[in-house]
Amino acid sequence: MPAPASAGSPTSSAALALADQVDVLIHDAQHTAAEFATVSGFGHSTLDYAVRLAEDAGARTMVLFHHAPSRTDDELDRLSADLGSFPGVIVGREPLELLLP
């Protein structure tokens, strides 16, 4: 099993190939970079890694999902605002629906 994706991890070449130029990339975003040191063995990714993968792969839209269960909607909004480097970030939550062409 590959190592979990942390904020400092290089983007995986296999993930880059899979996500190359996608319209929508849906990615696990369970942890913040600060949390990752204590939970790296859980097999989840950081928000920063997910966004970096989207940027490196040329994804047009990024949907962050599988958030920490304890995270509130306000926290998710704040975290996504902090990821301003990638303009197409959407925080996945119920009842989000995406209309695809």
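Heads up: these notes are all about the structure in this document. (Residues numbered from 1 in each chain as written. Predicted model: local features only at pLDDT ≥ 70, side-chain atom pairs only at ≥ 80, totals over all residues. Heavy atoms only, no water.)

1. Focus on the overall build of the protein chain
Put simply, the test is: Secondary structure elements are defined from DSSP: runs of H or I of at least 4 residues count as helices, runs of E of at least 2 residues count as strands, and each element is numbered from the N terminus. Exposure is judged per residue with a 1.4 Å probe applied to protein chains only, and the accessible area is read against the type maximum: over 50% gives exposed, under 20% gives buried, and values in between give partly exposed. Contact criterion: two residues are considered in contact whenever any of their non-hydrogen atoms come within 4.5 Å of each other. Every accessible area reported is derived by Shrake-Rupley at a probe size of 1.4 Å, with residue values counting cover from the shown protein chains alone.
In terms of regular secondary structure, the protein chain is built from 4 helices and 3 strands. Ordered by position from the N terminus, the helices and strands of the protein chain form the series α-β-α-α-β-α-β. Across the 101 residues that make up the protein chain, the buried fraction comes to 40%. Look at the contacts in the protein chain between residues 6 or more apart in sequence, and 72% of them connect residues 24 or more apart. Carbon and sulfur atoms make up 57% of the accessible area of the protein chain, which amounts to about 6,100 Å² in all.

2. As for the nonpolar core
Test applied: Nine residue types can take part in a nonpolar core, namely buried Ala, Val, Leu, Ile, Met, Phe, Trp, Tyr and Cys, and a core is a set of them joined through side-chain atoms within 4.5 Å.
Within the largest apolar cluster, 18 residues are counted, with the highest numbers of intra-cluster contacts made by L25, L47, A54, M62, L64, F86 and V89. Looking at this core, the elements with two or more residues in it are α3 (47–57) and β2 (61–65). Leaving out residues up to four positions away in the same chain, V89 has contacts with V51, M62, L64, S80 and L83.

3. Notes on unusual backbone geometry
Of note, the bond from E94 into P95 is cis; its omega dihedral lies within 30 degrees of zero at 0°. Here P95 shows up in the segment after β3 (89–91).

4. Quick look at the pattern of salt bridges
Under the convention used in this document: Between Lys or Arg on one side and Asp or Glu on the other, a salt bridge is scored when a side-chain nitrogen of the former is within 4 Å of a carboxyl oxygen of the latter.
Enumeration over the complete set of coordinates arrives at 3 salt bridges. A single salt-bridge network, built from bridges that share partners, covers D73, D77 and R93.

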